[in-house]
Structures are given as structure tokens and as C-alpha cells.
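So you can see what is in the structure, the chains are spelled out below.
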Amino acid sequence: MSKLVFANTHEWAKIEDNVATIGISDHAQHELGDLVFINLPAVGDTLTAGEAFCDVESVKAVSDVMAPISGKVIEVNEELESAPEAINEDAMGAWICKVEVTAVPDDLMDEAAYAEFIK
Amino acid sequence: MKLIFERSRKGVRCATIRPLEVSTYSVEKKYLRKELALPEVAEVDLARHYTELSRNAFGVDSGFYPLGSCTMKYNPKINEELASLPGFSRVHPRQEVDTVQDSLHLMADLSADLMELTGMDGMTLQPCAGAHGEFTGLLLIAAYHESRKDTKRTKILVPDTAHGTNPASAVMAGFEVVNIPSNAEKGVDLDALRAAVGPDTAALMLTNPTTLGLFEKNIEEISKIVHDAGGLLYYDGANLNAIMGVVRPGDMGFDVIHLNLHKTFSTPHGGGGPGSGPVGCKAMLAEFLPKPSIVKDKKGNYEFSCPKNSIGKVSTFYGNFAVMVKAFAYVRTLGSDGIKEAAEHAVLNANYMKAKLEDIYPTENRYCMHEFVVDIQKLKDQTGVSAKDIAKAMIDKGIHPPTMYFPHIPGVIDESLMIEPTETENKETLDEAIAVLRELYDLAFKDAKYLQEAPHNMAISRPDEVAAARKPIVRFEGEY
Amino acid sequence: MSNYLSITEQEEKEMLEAIGVSKPSDLYADIPISLKNKALKIAPGKSQQQVMEEIEAYAKENVVFDSIMRGAGAYDHYVPSVVRYLSSRSEFLTAYTPYQAEMSQGILQSIFEFQTMICSLTGMEVANASVYDGSSAAAEAAFMCVEKNKKVILVPENVKPEVIETMRTYLSRRGIEIKVLKESEGYIKDGKVDTQMLEKAINENTACVYIEQPNYYGIIEDAEFVCDMAHHKGTKVIMGCNPMTLALLRSPADCGADIAVGDAQPFGLSVSFGGPYLGFMATRVNKDTMRRMPGRIVGQTTDGQGNRCFVLTLQGREQHIRREKAMSNICSNQAHCALVASMYLSAMGKEGLKEVATTCTSLAHYAAQQFTQGKATLKYPNNNDFFHEFITVTPTKAEKIVEKCAKEGVLAGLPIGPNEILWCMTEKVRKSDIDKVAEIMRRA
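Given the structure is predicted, the values throughout are model-derived calculations rather than measurements.

Moving on, we get to the overall build of chain A. The helix and strand tally for chain A stands at four helices and nine strands. Counting helices and strands in the order they occur from the N terminus, chain A gives β-β-β-α-β-β-β-β-β-α-α-β-α. Here the C-alpha radius of gyration of chain A, 13 Å, is about what a compact globule of 119 residues would show, namely 14 Å. Here chain A, with 119 residues, has 45% of them falling under the buried criterion. A sequence separation of at least 24 residues applies to 59% of the contacts in chain A between residues at least 6 apart. Total accessible area on chain A is roughly 5,900 Å²; 47% of this is exposed by carbon and sulfur atoms. Looking at charge distribution, chain A has the averaged site of its 6 positive side-chain charges lying 3 Å from that of its 24 negative ones.

A tally of helices and strands in chain B yields 15 helices and twelve strands. With respect to the principal axes defined by its C-alpha atoms, chain B has extents near 75 × 65 × 45 Å. Scored against the burial criterion, the 480 residues of chain B give a buried share of 66%. Positive and negative side-chain charges in chain B, numbering 53 and 64 respectively, have mean positions lying 6 Å apart.

Residue and element names in this part refer to chain B. The domains assigned to chain B are domain 1 (4-55), domain 2 (78-333) and domain 3 (341-466). One C-alpha centre belongs to domain 2, the other to domain 3, and the line joining them spans 30 Å. With 22 residues of domain 2 in contact, the opposing surface of domain 3 contributes 21 residues. Of the roughly 1,700 Å² buried at the junction of domain 2 and domain 3 (both faces included), carbon and sulfur atoms supply 61%. It is L212, L214 and N241 in domain 2 that bury the most area against domain 3; as a group they hold 28% of the surface buried on that side. One salt bridge in this structure joins E364 and K186, with 2.7 Å as the shortest N-O distance. By residue class, the composition of the side of domain 2 that touches domain 3 is ten nonpolar, eight polar and four charged.

What follows is about the sheet that holds strand β3 (residues 176-180) of chain B. As a general point, the strands of a sheet are linked pairwise by backbone hydrogen bonds and lie either parallel or antiparallel. Residue and element names in this part refer to chain B. Read across the open sheet, the seven strands follow the order β1-β7-β6-β5-β4-β2-β3; overall the sheet is mixed. Two strands in the sheet have a free side with no partner beyond their single neighbour: β1 (122-124) and β3. Neighbour-to-neighbour, the strand axes of this sheet turn through a mean angle of 20°, independent of strand direction. As judged from the three bridges shared by strand β2 (residues 155-159) and strand β4 (residues 201-206), these two strands associate in the parallel manner. Across the sheet, residue K155 finds its bridge partner in β4, namely T201.

Time to look at the sheet that holds strand β5 (residues 46-47) of chain A. Residue and element names in this part refer to chain A. One open sheet accounts for six strands, arranged β1-β2-β3-β9-β8-β5; its pairing is antiparallel. Of all the strands in the sheet, just β1 (2-6) and β5 have a single pairing partner and so form its edges. Bridge count for strand β3 (residues 19-24) against strand β9 (residues 97-103) is four bridges, and the pairing is antiparallel. Paired with V19 across the two strands is E100, which belongs to β9.

Tallying the contact residues gives 193 residues for chain C and 202 residues for chain B. Of the roughly 16,800 Å² buried between chain C and chain B, counting both surfaces, carbon and sulfur atoms make up 61%. For chain C, the biggest contributors to the area lost against chain B are E102(C), M103(C) and F273(C); these three give 6% of the whole. Our count for the chain C to chain B interface comes out at ten salt bridges. We note a salt bridge from R173(C) to E146(B), for which the minimum N-O separation is 2.8 Å. Remark: the boundary between chain C and chain B carries 96 residue pairs in polar contact (both at pLDDT 80 or more). Here the side of chain C that touches chain B gets 25 residues from one element, more than from any other, and that element is helix α13 (residues 335-371) of chain C. Its residues placed into classes, the side of chain C that touches chain B shows 90 nonpolar, 60 polar and 43 charged.

Between chain C and chain A, the residue contacts involve eight residues of the former and ten residues of the latter. In total, about 750 Å² of surface goes out of reach between chain C and chain A, with carbon and sulfur atoms giving 42% of it. When the buried area of chain C at its contact with chain A is split by residue, R291(C), I321(C) and R322(C) rank highest and sum to 59% of it. Across the contact surface, chain C and chain A share four salt bridges. In this structure, R322(C) engages E57(A) in a salt bridge whose closest nitrogen and oxygen atoms are separated by 2.7 Å.

A few words now on the environment of N286(C). Its location among the elements puts N286(C) in the loop between β10 (279-283) and α11 (289-292). Residues N286(C) and T302(C), 16 residues apart in the sequence, show an inter-C-alpha distance of 24 Å.

What follows concerns the nonpolar core. Grouped together as the largest cluster of nonpolar side chains are 118 residues, with contacts concentrated most on I243(B), F265(B), M353(B), Y361(B) and I390(B). Among the elements that line this core, the one with the most residues is helix α10 (residues 321-357) of chain B, at 20 residues. If sequence neighbours within four positions are ignored, I243(B) has contacts with N208(B), P209(B), F215(B), Y235(B), M252(B), A343(B), M369(B), Y28(C) and I31(C). Listed in part, the 100 residues of the second largest apolar core include Y31(B), Y65(B), A257(C) and Y344(C).

Below, the discussion takes up the packing of aromatic side chains. Taken as a whole, this structure holds 29 aromatic pairs over all chains when the rule is applied. Considering the side-chain rings of F5(B) and Y480(B), the 4.7 Å spacing of their centres and the 45° angle between planes classify their relative orientation as tilted. Of the two residues, F5(B) sits in the segment before α1 (43-55) while Y480(B) sits in the segment after α15 (465-470), which places them 475 residues apart along the sequence. Judged by relative accessible area, F5(B) falls into the buried class, the value being 2%. Taking 4.8 Å as the distance between ring centres and 35° as the angle between the ring planes, the aromatic pair formed by Y318(B) and F273(C) counts as tilted.

Under the definition given, this model contains 57 salt bridges over all chains. Across the salt bridge formed by K471(B) and E85(A), the nearest N and O atoms sit 3.8 Å from each other. Here K471(B), found in the segment after α15, pairs with E85(A), found in helix α3 (residues 85-89), and the two come from separate chains. The exposure class assigned to K471(B) is partly exposed, which follows from its relative accessible area of 49%.

Here the focus is the confidence of the model for chain B. Scored by pLDDT, chain B comes out at a mean of 97, with 100% of its residues at no less than 70. Across the predicted assembly, pTM comes out at 0.97 and ipTM at 0.98.

Attention now moves to the packing of helix α5 (residues 130-147) of chain B against helix α6 (residues 165-172) of chain B. All names here are of chain B. Between α5 and α6, the shortest axis-to-axis distance is 9 Å and the interhelical angle comes to 45°. Comparing the axis directions of α5 and α6 gives the class oblique. The handedness of the crossing between α5 and α6 is right-handed. Within the contact between the two elements, α5 uses A131, E134, F135 and L138 and α6 uses T165, N166, S169, A170 and M172. Its residues placed into classes, the contact of α5 with α6 shows five nonpolar, three polar and one charged.

Definitions and cut-offs
- Residues numbered from 1 in each chain as written.
- Chains lettered and ligands numbered in written order.
- Predicted model: local features only at pLDDT ≥ 70, side-chain atom pairs only at ≥ 80, totals over all residues.
- Heavy atoms only, no water.
- Helix = DSSP H or I, 4+ residues; strand = E, 2+ residues; numbered from the N terminus.
- Rg over C-alpha atoms; globule rule 2.2 N^0.38 Å.
- Buried < 20%, exposed > 50% of the residue type's maximum accessible area, 1.4 Å probe, protein only.
- Contact = heavy atoms within 4.5 Å.
- Areas by Shrake-Rupley, 256 points an atom, 1.4 Å probe, with all protein chains shown as cover.
- Lys, Arg positive; Asp, Glu negative; His and termini not counted.
- Charge placed at Lys NZ, Arg CZ, Asp CG, Glu CD.
- Domains from an automatic or database assignment.
- Buried area = accessible area lost by both parts, 1.4 Å probe.
- Salt bridge = Lys/Arg side-chain N within 4 Å of Asp/Glu carboxyl O.
- Nonpolar A, V, L, I, M, F, W, Y, C, P; charged D, E, K, R; others polar.
- Pairing = 2+ DSSP bridges.
- Axes fitted to C-alpha atoms, helices over the stretch in contact; angles between N-to-C directions.
- Polar contact = N/O pair within 3.5 Å; in protein donor to acceptor, adjacent residues only side chain to side chain.
- Core = buried A, V, L, I, M, F, W, Y, C linked by side-chain atoms within 4.5 Å.
- Phe/Tyr/Trp six-rings, centres within 6.5 Å; stacked < 30°, edge-to-face > 60°.
- pLDDT = per-residue confidence, 0-100.
- Parallel < 35°, antiparallel > 145°, perpendicular 65-115°, else oblique.
- Left-handed = near helix turned anticlockwise from the far one by under 90°.

In C-alpha cells, the structure reads:
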């Protein structure tokens, strides 16, 4: 059973068994504008929910990406390094990393709640 | 425009040197390179190339340059001529000290003038730019606390409106950065400051006037809060032009300052540098200044010395000496009276523009100092025309745009232009710029699209910055 | 007296009225009266003519030597007139940083051309728009190499002492150690780095090795050996280069260096008592190296009509966007010096630059031979692979030789020990001057 959740800092996590796939929401990519670079985490990094684990750059701004859940990075989407525009094109498809989950905050939203949240 | 490499033709020569008077020495082959690619052009090609480039550049001599925070005042030509005198330009930095007395004399006299102007007791001219000065000043602060075994002072407080160099310099000097929010008047929030200071506070960095062009009225209280907590007060001299000769950072309570000779003291920016960022300090910090310092011996001769607990060197030699000569000529020309008059007129010019624009370009409702920030948010909401669009449209009118999107306080100031006319502009220039800004405002309601596509009259239209950053091309890769 | 203001009394009156105050000082209402200045103890203003005379007088007692045989980080080369004329055009000199690309294509293109020339000389793939000087370039490059568990920078003693000192000032507060490898401990042999000894000094904490080419003593390093060994041991190499020598010498990239830095002052900038000079940095493009590079970088792109144009790019690295997370705080750089350098390189051209470099090294080897006809010897007699600087050892005190040369209008080499002098020959030095000094050296 997989579960899609969103943080109020506009990241999504698709949790399947003990592994979460993480990315930023379509709303967030729209707000950020054309991304030109992503500073990816490394395999082995520890994520703490609510804390920055990576940053994304547009031409004129750098924004932190917050961890929606806590855990340890087991895989990174290296393709984003040379093609950060993938996030602009398909935010829900362009995952940033996969994480072995250690804790899931209880204030995460489901898709409907998040849609309401960004209204 | 062609690149210089595209003008290159094999075998063409420009400058030539005296024929070799001794036999040719051949460097051992294993050390030699096989190829060297450099342009080959005749002198006329070179002259036309750079003349063409210069026609596609815009300096203070080209027109009005109200670029906030950068103090683009007129750069007097006498300064250039003096800096290139052989007695300065042909002197080697490692000459014996008795052969460079005049250079040292000039540096000592410039330092003395700058100390008097800022209310400081010590000064180094070694930093090559403002940010370099910040870094140097923060190292003095670190050394000071360390010398007192006060080793827990690891944090530098920085207002959210500060120049980006402030937090970056603090980190380079080994500190952590704590951001201090602004209050409703866009000054330092005193309660937030009181809550932030403590035994871990090394210093607060501040510009005054602030980056919004407003005098920080609470400066005495701020100074007390920081000093009572055992911290020091750092002055970012970016905005000194508003108050030089009127009030001194040293008298406001600042312990360390940096100046920008390329802003306040009329030396040209050169398309991005070289600048010069002297650092001044109160007496208790002087022993930590970079080495070498310049001292006068009993006979009245200058010599190099090393401050007792110097932080070391921050650059190879003594700083950007030629820039110092230009600034010294400026200080000597204006003198004590002229310096104050310049500051007053910088403030006058800014307030005049503000008064003539604030009905349509909202700004803070109090006298500004040498610059002011207008809020374009309402215009954008009404018309879709952004600060950037106004800026780009000004280019078509032959005016360099103001600083855009700085300072940035999310949700408070997002769409902004920071206008700094400087004192060397006359009323006619200001009136023309005012007329342009008013015209563009009206145009925003009539033809937003025209503004959103500006500039229309330049060699290029808006460049694709996203493409430039995603797939960087940072050198010419063709054959030449 | 002269204040560069251009507002008439009548205009000032009108402006004050528009603002609603009676005099300019009323605008300072926010400044507490207790803080306002008394009169400054600075000389009153003067006319331009007086300032010209006054400051000319400052320049009078400095000794300007006819012939400069001193280098050690500042090099007196011939500067073609065309470089001085063109670079002083006010559109270049009085412009700000080219943030407004549409209005600054000339400046941006000139920086792009500078980056290209630095890449060409160093063999690297990306160069920045300049940093303050060679020392700060070396320090910034060292920081680029630092990783979480690699925080030691190894520096042999035969590099410019100012570079070591500046690196230390830049990096020590960030928990980075600069370890100097001493000649007395065997790390330097015949004036150059002993690769085997260096290998022993490298361990898992080493972030990088910094070497100079040619080194402070003027000697050409076996850079390729150093790079191969260092890479084998898992550490990076920064090469600090006198870029003039790169007209002839193998490029740092060809030798295998990871980052090339140096001071491009020899390219058209006068010695000017130490500044402004021109720090350059260049590196290869792999993974995140380009993003770890500090300072401004100009990139090529197109405008709305598809025209080629240039912009400041990768600004997300820089302090004005990344603030406390930026790799460096650098903002103002040495842009105008970079313009001068690219004009110089274009004026000299490929052949001209080779001629300059060949002349320098030929004169240096001639001088070294002539200076050692008497009791003077070369400090490293077993090593003839020096470029345009070399060290002599004399029974006579170095300062005596400097004095004697001064009487002949020659700035002798730099005394670097009681009896040691570091000489430098450039194309400006005449054979007749070398012969004069050779006379002095013969009796030294």
C-alpha cells in the first residue's frame, strides 16, 4: 500500500512500506519558477522532518527544500543534477531521493487536504 | 558583436617588443606546451573591437546611474591622472622602504583622514573591496574576543535587510549567522535584538543609513544592547555617503567599520572592480589589524610594522594602492567642508526625487537619506508590470536602472526599486528621471506588454538567463 | 573648493521647497543631535590645481628605477600604448558590475573573452571573472577543495610567502589547517618539490596540495609528477601560476592540476606599489566544480530574437543570493584589471606573448650566467630549469649589492636572506643593465 502525503512546506512523500520517495509539489515548482540547479543530498544523509536537506536554485533565488519525513537517504535521482527542469515539467514525477523512513510527522496532508491548503 | 577571437587572423601582429639582445634560451622540452591559442589582431582591429564593446557599455560618464546602494557618483578625472603618475605606478611593492616613503606617507595621511571622518583609532587599507573589508573586520572581532578568552562568542547578528556580503563574510570568518527581523519602521526590531543577544554574541553588523535609505534612529539603544551583552558593533560603510561629515560611525558606537572607496570616495567601479575596502577600528582592536601596518619612526620616516597580535595578511601586498591615490585626491579636493556638503546634497537629491515620485511610487513616509526604496507591488497587482519591467524600460530612456529587488523582506518588500541619485547630479537630470518614471507608471496602465518586453532600443532584448544557467557556456569554444 | 556638485543656488531653493524644508541639514532630523559632528579635523577643500600640485609632490620622493630586476610577485612588463588608451575609455572605467545585461553587453563580452583567454592559458574549462589577487585566489581555491573530513592544505615552502600568509588568514578560522612543508625537512630539493617526500605528507585528511609554477625561487616544478602522485593518493592539486610563463610552459590542466590560480598582473598592469592586481581562478568542469567556484561568471545565451548575448550566470552560487551559504563573500572584483589583461593578451597575441616569455627567460639565463662569474653562485646550481627568476648567493651582504645597483638606477633583486638575492628579468631589462649589474656581482 502506498500513501501520498504533503508537508505544509510544499514537499511530497510517497510512502511505500518503509521507503519514502520525496519531491517538491507542483505548486512549489510554480512558485519557484524555472529551476536551474538542484543541490542534491547524498546517499547516507540523515533527513529530519521539517529541516532543510537540499536546495533548489532559480536564476535569482535559492530555496531550501525541507524534509517532509525523517529517515536515511538510500537513493538519489542523479538525473536532476544535469536536468533540474524535470521538476518544472513534472514535479510529481521528478523525485529527489528515496529514504528509509524512521519517523513520519502526524501533520502531513493527503492530496485533497493539500489542494485545499494551497488555495 | 564579434568576439575578439572571431576577429583573429593567423600571423597578424599588434604590439611588438625590443628584439632579444642575448642568445635565446630554450626551456627543456618536457616543460613546454604544444599549443597556445590567443587572438591575433592588428592594432586597428583591437581599437575597433574595444571601441565597439565600449559603445555597448554604460558608465557614469554616459548618463544617470541611480543605482541604489552603489553610490555611482561622478569619478573625477584628476584622480585618474594622479594615480598614473610614474612616482606611483612604476614603484615596485617590494622596494626598500627608504625608496617608497611617499607611498607610505600618502597611505598614512589617507588613513588619518579616514579615521577622523569615521571616528576610528586604527585603520588598514589592505582589503581590496567592501566584502574583503567585512571579512577583515570580522576577523578583528574574532581575535579580540579570543584574546580575552571569551571563546563562546560564535554568533554574528545580521538584520534581514543586510547586504548579502554580511552573512557570507561572517561565515567565512568562522561565525554562525543569526538573522534579526526588521520592525514596522524597517529598522532593527529592538525586542528581537534583545532576545537574540547573549554571551554567544560576537557582534551585530549594521549599515546606517540602513539598506532602505533610512537613518536608524535607535542606533544609541542598539549600541547599548549589543555592548551590554559583551558584543561589538560592526559598521558596513556602504551607505556612508549620506552622512559623511555629519555624523561619525565611531560616535554612534561602532567599533569596527569598513569603507568603500569606490562608492563614497569617487573612485570608479571599473565594471565591477577594483574597489578598495579600508577597515577602521577602535583602539582596543588596533593590535589585531592586518600586517604590515605603517608607522612613523622618531626621525619622521615611515616604516612597515606588524601589529602586536595581527590577524595576518588578507592580500598579497598593501591593497589596491592606485585606488587609494584616487580617493586621497578626492578627500583633499573636497576637504572637511566639501565632504559634508557632498553628503547633504546626496540627501537633498534623494529627497527631491522621493518628493516628486511618492504620490505614485509608495515609499517610507519620512525623510530618506541618500537613497530611497519604492514599492512597486501595488502597480504590479494593478497592471502586471513588475519592478524589473520598469527598470528595463528605463534603459530605453538612457538611464541606468535603480537596484532591483533589494532589500528583500518576503511579504513586506518584494517588488522594489532602490534609487540613489548621488550628489553629483543636477536638478535637470533628476527632473528628467522623475518625468521618465512618471511616464512609465502611466504607461503601465496603458500598455503593460510594451513594458514587459522592454528594452526595445538596445542591441539585445532580454537575455535568456535560465538557459544560460542550465547549460552554462562560459568560454568561446570555436577555432581561432 | 572643488566639490563636483552641479546644482545652482536657485535650483537648490526650488528643490528644498518641493521637499518642504528650508535647508539641506533639516533632512537629518532623524539623527540624534548629540551624535552630530563637530567640525572635522581634515584640511579644508582645495582647488584642483592645488590638489594636482600637492599630490604630485607626494609622488616625487618615491624612487622610480630605470630598470627593475625584482619580481617576487610583482612583474614589470612592457605595456603597449593601445592597452592604456583603450582601457581608459570611460564606458569601461565608470560602469558598475554588469547586472543589467541589455545595457552592459560590452562589459559582459569583455569578461567572457577574459574567461576564454584564462581557460586557454591554463587549459581549464571554466574561469571566473577575477578575484582580488593571486593570494586570495589561492585561498579561495583551497577552500573549494575542502571536504568534511579533508581539512588540511599542504603547501611547500617554495611558494610566495604572502600566499601562505593569506591562506592562513582566510582559512584558519574555519578549522582548516595550512601545513607548510619545509625545505629544512627535506620537502624541497634543488629548489623544487620532492615528490617522494610530499607523498609521505599526504594522508586521508589532506584536502589539496598547493604548488606554484614556476615556484617562488623561479624554478619550474615537475608538476605532472606532483599531480599524478597526489591524485593517486586521493588528493587534489592547485597550481599557482605566473600566467606569463604559460605562454611557453605546459598548462596546469595538461599537468593534471585540478584548479589553476594566479595573479595576472604581468598582463598589462603596472606594478603600482602592489595593486590593483588581478587574481584569476580556473578549473575543470566535473560534477560540482563549477558551482564551487567563487566570484562572478559570465555565460553565453541568446536574447528573445535569438541573438547571441552574455549575462552574469550561476549567480545562485554568490553571496547576494545564497547569503550565509555562499562559498565566498566576494562581490566587487578586479573587473577593470581583467579588461586590461585581455586587451594586453590581444595586443601581444599568440606570437607576441611567446616572444615576451622567451625574452624573459633568455635574459634571466644570461643574467644568471653573467652574475656568477665571480664569487657569486646560484643557490640551486644543480638546477638550471628556472624561468625568469633565480637566486644568487654572495659573500657580500645582499643589501650592499642592492645599494650599489640603486646607484646605477637598477632595482636589484629582492634580498631573501642575508646573502641571497631573488632576481627577475623581464623584457624591459636591457642587456646593458645586466652587464652593469654583472660588474657589481663580479666584485661581490
